[in-house]
Amino acid sequence: MRAEDLEALREDMLAVITAGAFALRDTIGKNAFDERVMTAMGKVPRHEFVPIELQPYAYENIPLPIGFAKTISQLFIRSAPG
């Protein structure tokens, strides 16, 4: 994948995380995540942790296999309240 494509996917990923945090603001007790967390999320090359055939999905809000029966977590995991 081209660097430009990956950058666009990262930007979309950050938008998904931002929207998820805002939608769950009453549950999580804040409107957004700390900017340092968001900056770090935007810098992590998630595509380098998954098999090449799954790289286009590395920035989606789904868990992906990384080998050895392990996965990279989805972007935003909502816990049940209570």
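Everything quoted here is computed from the prediction, not taken from an experiment.

Caption draft 1: Up close: the nonpolar core. Counting 14 residues, the largest nonpolar core has M13, I17, V50, Y59 and F76 as its most contacted members. If one sorts the elements of this core by residue count, helix α1 (residues 3–23) sits on top with 5 residues. Excluding its chain neighbours within four sequence positions, the residues that come into contact with Y59 are L6, L9, R10, M13, V44, P45, R46, H47 and L75.

Caption draft 2: Representation of the packing of α1 against helix α3 (residues 35–43) within the structure. The contact between α1 and α3 brings their axes to 9 Å, and the two run at 145°. Seen along the crossing, α1 lies across α3 with a hand that is right-handed. Touching R10, M13, L14, I17 and T18 of α1 are M38, M41 and G42, all from α3. Partitioned by chemical class, the residues of the contact of α1 with α3 number 5 nonpolar, 2 polar and 1 charged.

Caption draft 3: Representation of unusual backbone geometry. Even without a glycine there, the phi angle at F68 is positive, about 55°. Mapping F68 onto the fold places it in the loop between β1 (64–67) and β2 (70–72). Overall, F68 belongs to the exposed group, its relative accessible area being 81%. Phi angles above zero are rare outside glycine, and A69 is one such case at about 60°. Its location among the elements puts A69 in the loop between β1 and β2. A relative accessible area of 81% means that A69 is categorised as exposed.

Procedures and definitions
- Residues numbered from 1 in each chain as written.
- Predicted model: local features only at pLDDT ≥ 70, side-chain atom pairs only at ≥ 80, totals over all residues.
- Heavy atoms only, no water.
- Core = buried A, V, L, I, M, F, W, Y, C linked by side-chain atoms within 4.5 Å.
- Buried < 20%, exposed > 50% of the residue type's maximum accessible area, 1.4 Å probe, protein only.
- Helix = DSSP H or I, 4+ residues; strand = E, 2+ residues; numbered from the N terminus.
- Contact = heavy atoms within 4.5 Å.
- Axes fitted to C-alpha atoms, helices over the stretch in contact; angles between N-to-C directions.
- Left-handed = near helix turned anticlockwise from the far one by under 90°.
- Nonpolar A, V, L, I, M, F, W, Y, C, P; charged D, E, K, R; others polar.

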